[in-house]
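What follows is the residue order along each chain.
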Amino acid sequence: MVVLRDINTVDALIDKVFSYNPEANADLLRRAYAYSNEVHFKQRRKGGNPYIEHPLAVAGILCEMKLDTNSIATGLLHDTVEDTETSVEDVRALFGEDIAFLVESLTKLSKMEFKTNEDAQAENFRRMFLAMAEDMRVILIKFADRLHNMRTLQYLSDTRREAIARETMDIYAPLANRLGIGWLKSEFEDLSFKFLIPETYGELERKVAKKREEHEGYLYEVIKIVEAHLRAASIPGKVYGRVKHFYGIYQKMQKQKIPFELVYDVIAMRIITDTQANCYAGLGLIHSLWTPVPGRFKDFIGAPKSNLYQSLHSTIIGPKGERIEFQIRTEEMDRIAEEGIAAHWKYKEKARGDQVDEKYFSWLREFVKSQKDAPDAREFLEAVKGNIVPVVVYVFTPEGDIVELPLDATPVDFAYSIHTEVGHQCTGAKVNRRIVPLRYKLQNGDTIEIITSHGHSPSRDWLKYVKTQRAKSRIKQWLKIEERKKGLALGVELLEKGLRKYSLSPSLAQSKDILEIAKPYRIKTHEDLFVAIGYGRLSVHKIINKLMPESEKTEADQVPVKKERKESEDSKGITIKGVDNIMFHRAKCCYPLPGEKVTGFVTRGRGVSIHTVNCPTLDTHTIDLDRLVDVEWAADDDATHTVKIQVFTVDKRGLLAEVSAVLSTNNVNINHIDASATHEKQALFNLILEIRNRQQLDEILKKLSQISGVIEIRRVQS
């Protein structure tokens, strides 16, 4: 799809809309343009151009997608609420409910306060996906906005360019692919590639340009051969050729670890015919002309992708020994392949979403539903990334129905794709009639039968290997409910035991008085109180001390509550926000240091364990996020902390002495050290050091790396 880039007046925009929709409301578009121009009049973009050029360009991209008039008007108005004094109510009064909804859904979160940029990004995507589930036009307009921003990204700072390009590559490009918009996915990838790895992009661009004339001549030659044979076989069809987009070529270079000169299949051909039967006839003709490459045939007509993409793919050894990928499909298949979900909004002027094919985004609604109660926006964003990656396998139910799952999916993923209860009660699986472990990675063409047992429940271990977001969310939901039940029972037991110990009636546990005492801890119900006690967030002693009347307390009756926290060597310098008198310790899986971002996890009976925020033990797929607490390092901390490192060196005499000398010179105490020989004449030193903070550790690692013979240094965090 060739996207128009030079619409720079509202008249040109309206002419383009009339070219595919003669019934369009031109007055609405003129009013939207005039209003946007008025409120943005004094604003300039980073490149110095009038701001109105951006909304006009966004509307032009939407026009190329042939969207409805309201969508194009929204493109003109999409930044008015965010960047001017305009309110959503103003838009609603001037342009109606539908456009107001779209503008409000697209308004960014710049006026909201977040702790970090990562939190802002995550919450932005959460809201975008929720709006998408209600109206798919939201993401199409967002795509157009992002595309024009990417085309003008050179005017931003290096940091902003990299952040926006990374976000586009990680989220927008795969999402465009998931929604079947092939041209947009390719342009997102190429523009992101250009700004993320500019040197490599520039070099690849020069090499492709150098061979362009050669490629064009070759494509012309192959097209003529194919067209002649199609006519001879009475197969109607048009033949097109192109060089693959830059990022696609770069991916091949990376995957195969080869230079550009050795990437043979950079040329792609497309045959567009009239019927499905002629697609297969065309494939047979191509295979009769040239030798197909084994393992490089895919039938997406018989087994369409989840975004409804259909085509036959086959790579052949063409003239002069060149590899060529052929894509063969009908005109309708080609339209869907290029435009995807956008194809359903052509000529539509009705209420939002009434005629959109549900198959396109049933996955989206299911995903949003499964993540609706996700407690953390970052977890939601990670789930988004995991849910839109397009690498899939196709497997079969015993009845022969096709199920699409992510690469490396397991029988447990398959079970949850059938039904939540099938997943919960899964005890085993048969693949191609043979019993397999639940960890088995499904392969294309496998037929899976799930073995269930009534009353069986999910295992936490499943979270270590399931791949689908549906399975992860269902398992975590079940575990969370079970954890809460256990916490509730334990909390009731601990509180009633404490009440009896001080001669108070256990019935007080259910009284209104105890809820009044718990109010300062933001606890509103008895159940929340018991769970807080069971999870270790709230001390029974504190509750009982406040429950007992002062007149009835004696020195012997006083419930002992520690006034000062006793610091262990593992917890020096750590402060837990909003929590007093609770024991805690540094986790031995990651050994966090002052200067590193840390978080706390409420354990059963051992207080709070302190971890680095990226500690593998705190994988959000395997823990209860409700048990995480904010922690920070005290400003005056001068204690030392244990750190494990591994030093890989060449195996030669004197290196251990040099390592020890560097540590001694920098006043670093060595708690433990051992050395062992490895393969290929290398040595490994395991050291346990006493370090003050992250800055000192970085300095030590830098100095150790400068020793002649040191190959690699790793910090051990698990």
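Not measured: the values here are computed from a predicted model.

Enquirer: So what's going on with the overall build of the protein? Residues and values would help.
Expert: Each helix and strand counted, the protein has 26 helices and 19 strands in total. For the protein, the residues scored as buried account for 49% of the 718 residues in total. Accessible area for the protein stands at about 36400 Å²; split by element, carbon and sulfur atoms hold 49% of it.

Enquirer: Which residues make up the sheet that holds strand β9 (residues 434–436), and what are the values?
Expert: Pairing in this open sheet of three strands is antiparallel, and the strands run β9-β8-β10 from one edge to the other. Only two strands of the sheet have a single partner each, and these edge strands are β9 and β10 (448–452). Adjacent strand axes in the sheet meet at a mean angle of 35° when their direction is disregarded. Pairing of strand β8 (residues 426–431) with β9, which is carried by three bridges, proceeds in the antiparallel orientation. Across the sheet, residue valine 431 finds its bridge partner in β9, namely arginine 434. Across the sheet, helix α19 (residues 411–418) touches β8, β9 and β10, and the angle it forms with β10 is around 80°.

Enquirer: An account of the packing of aromatic side chains is requested, with residue identities and associated values reported.
Expert: Counting across every chain of the model gives twelve aromatic pairs. Pairing tyrosine 201 with phenylalanine 246 gives two aromatic rings, centres 5.3 Å apart and planes at 85°, and the pair type is edge-to-face. Here tyrosine 201 is found in helix α12 (residues 198–210), whereas its partner phenylalanine 246 is found in helix α14 (residues 246–256), with 45 residues between them in sequence. Residue phenylalanine 246 is classed as buried on the basis of its relative accessible area of 14%. With centroids separated by 6.2 Å and ring planes inclined at 20°, the aromatic side chains of tryptophan 290 and phenylalanine 326 adopt a geometry described as stacked. Residue tryptophan 290 is found in the loop between α15 (276–289) and β3 (291–299), and its partner phenylalanine 326 is found in strand β5 (residues 323–330); the two are separated by 36 residues along the sequence.

Enquirer: Provide a residue-level description of the sheet that holds β5, including the pertinent values.
Expert: With mixed pairing, the five strands of this open sheet are ordered in space as β1-β2-β5-β4-β3. At either end of the open sheet lies a strand with only one pairing partner, and these are β1 (238–243) and β3. Averaged over all pairs of adjacent strands, the angle between strand axes in this sheet comes to 20°, irrespective of strand direction. Here β3 pairs with strand β4 (residues 312–317) via five bridges, running antiparallel. Within β4, the residue paired with proline 292 across the bridge is isoleucine 316. In the packing of helix α16 (residues 331–339) onto the sheet, contacts are made with β1, β2 (267–273) and β5, and the angle to β5 comes to roughly 110°.

Enquirer: Would you mind going over the environment of phenylalanine 601 in detail, with residue names and values included?
Expert: Take phenylalanine 601: it is sitting in strand β13 (residues 598–602). Distance from phenylalanine 601 to arginine 627, taken between C-alpha atoms, is 5.7 Å for residues 26 residues apart in sequence.

Enquirer: Which residues make up the pattern of salt bridges, and what values go with them?
Expert: Opposite charge on two side chains lets them pair, provided their charged atoms get close. Going through the model one piece at a time under the given rule, you end up with 27 salt bridges. For arginine 146, the salt bridge goes to glutamate 167, with nearest N and O atoms at 2.6 Å. In this pair, arginine 146 is assigned in helix α9 (residues 137–151) and glutamate 167 in helix α10 (residues 158–178), connecting sequence segments 21 residues apart. Summarising the burial analysis for this pair, arginine 146 and glutamate 167 share the class buried. For the salt bridge of glutamate 221 with lysine 320, the shortest nitrogen-to-oxygen distance reads 3.9 Å. A residue pair is termed long-range when its members are at least 10 positions apart, and glutamate 221 in helix α13 (residues 212–232) and lysine 320 in the loop between β4 and β5 qualify at 99 residues. What you see here is one network of salt bridges that share partners, running through Glu596, Arg694, Asp698 and Arg715.

Enquirer: Residues and numbers for the side chain of arginine 715, please.
Expert: Position of arginine 715 among the secondary structure elements: in strand β19 (residues 710–715). Here glutamate 596 takes part through its side chain, which lies 2.3 Å from a polar atom of the side chain of arginine 715.

Enquirer: Go over the environment of leucine 13, please, and point to the residues and values.
Expert: Among the structural elements, leucine 13 can be located in helix α1 (residues 10–20). Distance from leucine 13 to alanine 26, taken between C-alpha atoms, is 9.6 Å for residues 13 residues apart in sequence.

Enquirer: Residues and numbers for the pairing of β2, please.
Expert: Summarising burial for β2: seven of the seven residues are buried, a large majority. Of the two faces of β2, both are covered, the one formed by Ile267, Met269, Ile271 and Thr273 as well as the one formed by Ala268, Arg270 and Ile272. Note: β1 against β2, six bridges, orientation antiparallel. Across the sheet, residue tyrosine 240 finds its bridge partner in β2, namely arginine 270.

Enquirer: Tell me about the nonpolar core, and please be specific about residues and values.
Expert: The biggest cluster of nonpolar side chains holds 59 residues, and the ones touching the most others in it are Leu62, Ile72, Phe95, Ile99, Phe143, Leu184 and Phe188. Top contributing element to this core by residue count: α9, with eight residues. When neighbours within four sequence positions are excluded, phenylalanine 188 is seen to be in contact with Phe143, Arg146, Leu147, Thr168, Tyr172, Ala173 and Ala176. Ranked by size, the runner-up nonpolar core spans 37 residues in total, among them Leu204, Val239, Ile249 and Val266.

Enquirer: A description of α14 should follow, citing residues and the corresponding values.
Expert: Residues Phe246, Tyr247, Gly248, Ile249, Tyr250, Lys252 and Met253 constitute the buried set of α14. Among the residues trailing α14, lysine 257 stands out with phi positive, at a value near 55°.

Enquirer: Tell me what's going on with the packing of helix α2 (residues 26–39) against helix α6 (residues 88–95), and back it up with residues and numbers.
Expert: Here α2 crosses α6 at 150°, and the two axes come no closer than 11 Å. When the axes of α2 and α6 are compared, the pair comes out roughly antiparallel. For the crossing formed where α2 meets α6, the hand is right-handed. In contact with Leu28, Arg31, Ala32 and Tyr35 of α2, α6 contributes Asp90, Leu94 and Phe95. A breakdown of the residues in the contact of α2 with α6 according to their chemical character gives five nonpolar, no polar and two charged.

Enquirer: Now, about unusual backbone geometry: what can you tell me, with residues and values included?
Expert: Here lysine 66, not a glycine, exhibits a phi torsion of approximately 60°, which is positive. Relative to the helices and strands, lysine 66 resides in the loop between α3 (53–64) and α4 (69–77). Residue class for lysine 66 comes out partly exposed when judged on its relative accessible area of 27%. Unlike most non-glycine residues, aspartate 408 shows phi in positive territory, near 75°. On the secondary structure map, aspartate 408 appears in the loop between β7 (402–406) and α19. Given a relative accessible area of 28%, aspartate 408 falls into the partly exposed group.

Enquirer: Mind laying out the confidence of the model for the protein, listing which residues take part and the relevant values?
Expert: Model confidence for the protein is summarised by a mean pLDDT of 79, while 80% of its residues fall at 70 or above. Taking the mean pLDDT of every element in the protein, the minimum, 55, falls on helix α18 (residues 377–388) and the maximum, 94, on α15. pLDDT under 50 marks residues 561–572. Its contacts with residues more than four places away, or in other chains, come to 22 contacts.

Conventions used here
- Residues numbered from 1 in each chain as written.
- Predicted model: local features only at pLDDT ≥ 70, side-chain atom pairs only at ≥ 80, totals over all residues.
- Heavy atoms only, no water.
- Helix = DSSP H or I, 4+ residues; strand = E, 2+ residues; numbered from the N terminus.
- Buried < 20%, exposed > 50% of the residue type's maximum accessible area, 1.4 Å probe, protein only.
- Areas by Shrake-Rupley, 256 points an atom, 1.4 Å probe, with all protein chains shown as cover.
- Pairing = 2+ DSSP bridges.
- Axes fitted to C-alpha atoms, helices over the stretch in contact; angles between N-to-C directions.
- Contact = heavy atoms within 4.5 Å.
- Phe/Tyr/Trp six-rings, centres within 6.5 Å; stacked < 30°, edge-to-face > 60°.
- Salt bridge = Lys/Arg side-chain N within 4 Å of Asp/Glu carboxyl O.
- Polar contact = N/O pair within 3.5 Å; in protein donor to acceptor, adjacent residues only side chain to side chain.
- Core = buried A, V, L, I, M, F, W, Y, C linked by side-chain atoms within 4.5 Å.
- Parallel < 35°, antiparallel > 145°, perpendicular 65-115°, else oblique.
- Left-handed = near helix turned anticlockwise from the far one by under 90°.
- Nonpolar A, V, L, I, M, F, W, Y, C, P; charged D, E, K, R; others polar.
- pLDDT = per-residue confidence, 0-100.

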